[in-house]
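Given next are the chains, with one letter for each unit.
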Amino acid sequence: MSILFINASPNKEGNTARLASKLLSGKEYETLNLIDYKIYAYGQNYSDDQFDEVIEKIRKADTIVVGSLLYWHNICGLLRNFLDRCYGPVRQGEFSGKNLYFIMQGASPEKWQLEACEFTMSRYAGLYGFDYKGMVTNSKEAELKQL
């Protein structure tokens, strides 16, 4: 089973990455830091856009773990932009058979903020066919949900 961790935090080795390492403890996985890729906004077309590279890595993996920090009451902009870009190039149900876990990391998120993030990611998973395995928000949850 191949596992891809998509880290949407601009801090490559911060709390989001640490939480992923707890969830993925003992597993071999590849980390893709969205901050390292040029993914332009929906509707922009530039020759150095790397959106397709990220999608290709998702196509090759069996399990995807997406991590975001809580930023302005929801998922961070890097992740939001990536999700927006999937609309159109990714076919509905295209990732059927793949598992998707979501890591939401924040200092003290309120319940409504976590619910908004969970709603976004579960809808994304449903649209593109992922088997959504839920959200992890702290170390205890990561240990309980370990892959």
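Residues numbered from 1 in each chain as written. Predicted model: local features only at pLDDT ≥ 70, side-chain atom pairs only at ≥ 80, totals over all residues. Heavy atoms only, no water.

A. Here's a closer look at the overall build of the protein chain. Per the secondary structure count, the protein chain includes 5 helices and 5 strands. Mapped from its N terminus to its C terminus, the protein chain presents α and β elements in the order β-α-β-α-β-α-β-α-β-α. Its C-alpha radius of gyration of 14 Å places the protein chain within 12% of the 15 Å reference for a compact globule of 147 residues. Its C-alpha atoms give the protein chain principal-axis dimensions of about 40 × 35 × 25 Å. The proportion of buried residues among the 147 residues of the protein chain is 46%. Excluding contacts between residues fewer than 6 apart, the proportion of contacts in the protein chain whose partners are at least 24 apart in sequence is 78%. Of the roughly 7,900 Å² of accessible surface on the protein chain, a fraction of 47% belongs to carbon and sulfur atoms. One finds the centroid of the 17 positive side-chain charges in the protein chain at a distance of 3 Å from the centroid of its 18 negative side-chain charges. (Helix = DSSP H or I, 4+ residues; strand = E, 2+ residues; numbered from the N terminus. Rg over C-alpha atoms; globule rule 2.2 N^0.38 Å. Buried < 20%, exposed > 50% of the residue type's maximum accessible area, 1.4 Å probe, protein only. Contact = heavy atoms within 4.5 Å. Areas by Shrake-Rupley, 256 points an atom, 1.4 Å probe, with all protein chains shown as cover. Lys, Arg positive; Asp, Glu negative; His and termini not counted. Charge placed at Lys NZ, Arg CZ, Asp CG, Glu CD.)

B. Seen up close, the packing of aromatic side chains. Following the criterion strictly, the structure yields 6 aromatic pairs and no others. With a centroid separation of 4.6 Å and an interplanar angle of 50°, the aromatic rings of Tyr 40 and Tyr 46 are classed as tilted. Arranged with centres 5.6 Å apart and planes meeting at 45°, the rings of Phe 51 and Phe 82 form a pair that is tilted. Pair noted here: Phe 51 is in helix α2 (residues 51-60) and Phe 82 is in helix α3 (residues 77-86), with a separation of 31 residues, a long-range link. Of the two residues, Phe 51 and Phe 82, both sit in the buried class. (Phe/Tyr/Trp six-rings, centres within 6.5 Å; stacked < 30°, edge-to-face > 60°.)

C. Spatial organisation of empty space enclosed by the protein. On inspection of all chains with the given rule, the structure shows 1 cavity of 30 Å³ or more. The volume enclosed by the largest cavity comes to roughly 40 Å³. Around the largest cavity, the lining residues are Ile 6, Ile 58, Ile 64, Val 66, Leu 79, Phe 82, Leu 83 and Tyr 124. Contributing elements (two or more residues each) for the lining of the largest cavity: β3 (63-69) and α3. Broken down by element, the residue count for the lining of the largest cavity peaks at 3 residues, all from α3. Counted by class, the lining of the largest cavity contains 8 nonpolar, no polar and no charged residues. (1 Å grid on protein atoms, 1.4 Å probe; cavity = no way out; pocket = protein on both sides within 12 Å on 5 of 7 lines; lining within 4 Å. Points joined across faces, edges and corners; volume = space filled by probe spheres on them. Nonpolar A, V, L, I, M, F, W, Y, C, P; charged D, E, K, R; others polar.)

D. Inspection of the environment of Lys 22 at higher detail. You can see Lys 22 is positioned in helix α1 (residues 15-23). As for Lys 22 and Cys 117, which are separated by 95 residues in sequence, their C-alpha atoms are 20 Å apart. Setting aside anything within four residues of it in sequence, one finds Lys 22 in contact with Ser 139, Ala 142 and Gln 146.

E. Summary view of the packing of α2 against α3. Taken N-terminus to C-terminus, the directions of α2 and α3 make an angle of 80°; their axes are 11 Å apart at the nearest point. Taken together, the axis directions place α2 and α3 in an arrangement best described as roughly perpendicular. Mapping the contact onto sequence places Phe 51, Val 54, Ile 55 and Ile 58 in α2 and Phe 82, Arg 85 and Cys 86 in α3. (Axes fitted to C-alpha atoms, helices over the stretch in contact; angles between N-to-C directions. Parallel < 35°, antiparallel > 145°, perpendicular 65-115°, else oblique.)

F. A look at the pattern of salt bridges. Enumeration over the complete set of coordinates arrives at 9 salt bridges. The closest approach of N and O atoms between Glu 94 and Arg 91, which form a salt bridge, is 3.6 Å. Salt bridges linked by common partners bring Glu 56, Arg 59, Arg 91 and Glu 94 together as one network. (Salt bridge = Lys/Arg side-chain N within 4 Å of Asp/Glu carboxyl O.)

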